Amino acid sequence: MGLIQAAVGALGGTLADQWKDFYTVPGDLAPTAALFSAAARGTNAGRGSNAKGSDGVITNGSRIIVPEGYGLVLMQDGAITGFAAEPGAYEWDSEAQDSQSIFAGDGIVGPLVTTSWERFKFGGRPSAQQRAYFVALKELPNNRFGTQSEIYWDDAYMNAQVGAVTRGTYTLSITDPILFIKAFVPASYLEPGRVFDFTDVENDAASQLFNEVVGSLAPAFSMYTNDPSKGNRITKIQQDSVGFAQSLSAAVEENYKWSTGRGLEIVSVAIVSIEYDESTRALLRNVQRADALSGARGNSNLQASVAAGFESAGENGGPGGLIGMGMAASGAGIGGLQQPVPGVGAQSTAAQPAAPAAQSAAPAAEDPMVMLTKAKQMLDAGLITQADYDAAKAKALGL
C-alpha cells in the first residue's frame with residue numbers, strides 16, 4: 001500500500017511540477033533584509049493555477065526577476081551553482097531530472113515517466129533540492145551600536161587616555177555574497193520563508209556582529225584621533241561619518257576579518273552621542289583653553305586679560321597692583337606680548353638686560369629693579385601711562 005501511495009504521489013507531484021514558475025522579491029520585505037529566498041508567484045490578480053508545485057523544485061524555463069540593488073544566488077543540493085548581479089529577467093535551466101518539463105521543450109514522455117520513477121524511489125519526494133535566493137548589494141542601514149560603560153583610548157589631541165560612552169548607527173555592505181553565504185550565514189536561514197536581517201534582535205549572527213563592533217570602538221577611536229591627516233581632533237569625528245567608518249572598518253577587519261573572512265564592510269557611521277567621563281571633560285576644557293591662548297589668538301586673549309587685570313588692580317591697589325599684575329602675567333611678564341601698540345616702540349623680554357644672579361634669587365615682588373623693569377616694559381607697550389609709571393617708580397624706590 002505504501003508503494004502504491006508513493007507511486008500516486010510521485011505522479012501527482014510530477015504533473016504539478018511541469019508548470020513553469022515565476023519568482024521575484026517578496027512583497028512584505030523589510031528594507032534592512034540582507035538575504036532571503038525568492039518568492040514564487042503562483043497567481044496574479046486571480047489568474048494562474050501554478051500553486052501545487054513541490055518545494056525545492058524550479059522547473060526549466062521558469063522566470064526569475066532580479067530587481068535593482070540585489071543579486072541572485074542559485075543553489076542545488078546545498079551547493080551554490082550560479083550567481084547574477086545584474087538586474088533583469090533570468091530563465092532557470094538545469095540538467096536535474098526534477099527540473100525537466102514538457103513545457104520547456106524537454107519532450108513529453110521523458111519528463112513525466114523518468115521523473116516519476118526517480119521520485120518513486122524517494123517516496124514521492126523530489127530527488128533534488130533547488131533554491132533561489134536574493135542577496136542585498138546596496139547599503140543596509142540602521143545597524144545600531146552603543147556602549148553600556150566607558151571605553152578608553154589614547155588620544156593624541158589631549159595627550160592622555162580618555163574615556164566615553166558612545167552610541168550611533170552604521171551602514172553595512174555585502175561585498176562578497178558568495179563568501180558571505182558560505183562563511184557566515186547559518187544554515188537555518190537557507191530555507192524558504194526565512195529572512196536574514198542584521199537588525200533582527202533574534203538573529204544570533206547579527207548579535208555577534210554587534211558585539212564585535214562594540215569591541216572595536218576603542219581601537220577605532222584611537223586610530224582616528226591619532227591620525228595626523230584627521231588633525232588629531234576628536235571634535236571632528238561626529239562630522240566625518242566616512243572617515244570614522246574607515247577607522248572602524250579597519251579595526252573590525254584587523255580583529256575579526258569581516259572583509260576577507262565574511263564578505264562584509266562598514267560603509268558609513270553616524271555617531272549620535274559621545275559622553276565623556278568626568279576626568280575627560282575636565283581635561284578637554286583645559287586643552288581647549290590652552291588652544292585659545294596659543295598663537296596670535298592667544299596673544300590677543302592675553303592682552304585683553306592683562307588689560308582687565310590692570311583695570312581691576314588700578315581700582316583696588318593703585319600702581320603697586322599694576323606691578324604685581326605685570327609680574328604674574330604668564331610667568332614671563334608683559335615682555336612676552338609680541339603685538340605692539342601702533343606708534344609705540346614695543347620691546348621684547350630678550351631686549352631687556354638680565355638681572356644679576358643675586359637679585360634673581362631675591363623675591364621678585366621685593367626687588368625694585370625687577371619692578372621698575374616690568375613697569376618700563378608696560379609703559380613702552382602702551383599698557384600704562386607715564387603717570388602710572390612715575391607712581392610705580394616712586395613706590396618701588398620708596399620716595
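Rules used in this analysis
Residues numbered from 1 in each chain as written. Predicted model: local features only at pLDDT ≥ 70, side-chain atom pairs only at ≥ 80, totals over all residues. Heavy atoms only, no water. Helix = DSSP H or I, 4+ residues; strand = E, 2+ residues; numbered from the N terminus. Buried < 20%, exposed > 50% of the residue type's maximum accessible area, 1.4 Å probe, protein only. Contact = heavy atoms within 4.5 Å. Areas by Shrake-Rupley, 256 points an atom, 1.4 Å probe, with all protein chains shown as cover. Pairing = 2+ DSSP bridges. Axes fitted to C-alpha atoms, helices over the stretch in contact; angles between N-to-C directions. Phe/Tyr/Trp six-rings, centres within 6.5 Å; stacked < 30°, edge-to-face > 60°. Lys NZ or Arg CZ within 6 Å of the ring centre and 35° of its normal. pLDDT = per-residue confidence, 0-100. Salt bridge = Lys/Arg side-chain N within 4 Å of Asp/Glu carboxyl O. Parallel < 35°, antiparallel > 145°, perpendicular 65-115°, else oblique. Left-handed = near helix turned anticlockwise from the far one by under 90°. Nonpolar A, V, L, I, M, F, W, Y, C, P; charged D, E, K, R; others polar.

Draft legend 1. Structural view of the overall build of the protein chain. Across its full length, the protein chain holds twelve helices and 13 strands. Out of the 399 residues in the protein chain, the part that is buried amounts to 39%. Long-range contacts, defined here as pairs at least 24 residues apart, represent 70% of the contacts in the protein chain between residues at least 6 apart. Element-wise, carbon and sulfur atoms account for 53% of the exposed surface of the protein chain, whose accessible area totals about 20,600 Å².

Draft legend 2. Structural detail: the sheet that holds strand β12 (residues 195-197). Reading across the sheet, the five strands line up as β6-β5-β8-β2-β12 and stay open at both edges, with antiparallel pairing between neighbours. Edge positions in the sheet fall to β6 (79-84) and β12, since each has one partner strand and no second. Neighbour-to-neighbour, the strand axes of the sheet open up by a mean angle of 20°, direction not taken into account. Pairing between strand β5 (residues 70-76) and strand β8 (residues 130-136): seven bridges, direction antiparallel. Bridged to Y70 within β8 is A136.

Draft legend 3. Main features of the pairing of strand β2 (residues 33-37). Of all five residues in β2, five are buried, a share of seventy percent or more. Pairing between β2 and β12: three bridges, direction antiparallel. Looking at β12, one finds that A33 is bridged to D197. In this structure, β2 lies alongside β8, joined through three bridges in antiparallel fashion.

Draft legend 4. Representation of the packing of aromatic side chains in the model. Tallying each qualifying case throughout the model produces twelve aromatic pairs. An angle of 75° between the planes, with centres 6.2 Å apart, marks the rings of Y224 and F244 as edge-to-face. Pair noted here: Y224 is in helix α4 (residues 204-225) and F244 is in helix α5 (residues 241-256), with a separation of 20 residues, a long-range link. Of the two residues, Y224 and F244, neither departs from the other in class, the shared state being buried. The structure contains a cluster of three or more aromatic residues connected by ring pairs, namely F180, F184, Y189, F196 and F198. A cation over a ring is seen here: R194 above Y189, with NZ or CZ 4.4 Å from the ring centre.

Draft legend 5. The arrangement of the confidence of the model for the protein chain in detail. Averaged over all residues, the pLDDT of the protein chain is 73; the fraction at 70 or higher stands at 62%. Averaged pLDDT values for the elements of the protein chain fall to 36 in helix α1 (residues 2-16) and rise to 96 in β12. Counting contacts from residues 96-126, a segment whose pLDDT is below 50, to residues more than four positions away or on other chains yields 77 contacts. Between residues 327-352, whose pLDDT stays under 50, and residues either more than four places distant or in other chains, the model counts 42 contacts.

Draft legend 6. Main features of the sheet that holds strand β1 (residues 22-24). Strand order in this open sheet of four strands is β3-β1-β4-β7, and the pairing throughout is mixed. With one partner strand each, in any of the chains shown, β3 (39-40) and β7 (88-91) form the two edges of the open sheet. Strand direction decides the pairing type here: strand β4 (residues 63-66) and β7, joined by four bridges, are antiparallel. Paired with R63 across the strands is E91, a residue of β7.

Draft legend 7. Layout of the environment of Q129. Take Q129: it is sitting in the loop between α2 (109-121) and β8. Spatially, the C-alpha atoms of Q129 and M75 are 8.1 Å apart, while their sequence positions differ by 54 residues.

Draft legend 8. Quick peek at the pattern of salt bridges. The full count for this structure, using the stated rule, is four salt bridges. For the salt bridge of R131 with E191, the shortest nitrogen-to-oxygen distance reads 3.4 Å. A residue pair is termed long-range when its members are at least 10 positions apart, and R131 in strand β8 and E191 in the loop between α3 (177-183) and β12 qualify at 60 residues. Looking at R131, the relative accessible area reads 7%, which means it is buried. Given a relative accessible area of 35%, E191 falls into the partly exposed group.

Draft legend 9. Highlighting the packing of α4 against α5. Two elements in contact, α4 and α5, have axes whose closest approach is 8 Å; the angle formed by their N-to-C orientations is 120°. On the basis of the axis angle, α4 is oblique to α5. In this structure, α4 meets α5 at a crossing whose hand is right-handed. For the pair formed by α4 and α5, the contact residues are E212, V213, S216, L217, P219, A220, F221, M223 and Y224 on the first element and G243, F244, S247, L248, A250, A251, V252, N255 and Y256 on the second. Tallied by class, the residues present in the contact of α4 with α5 amount to 13 nonpolar, four polar and one charged.

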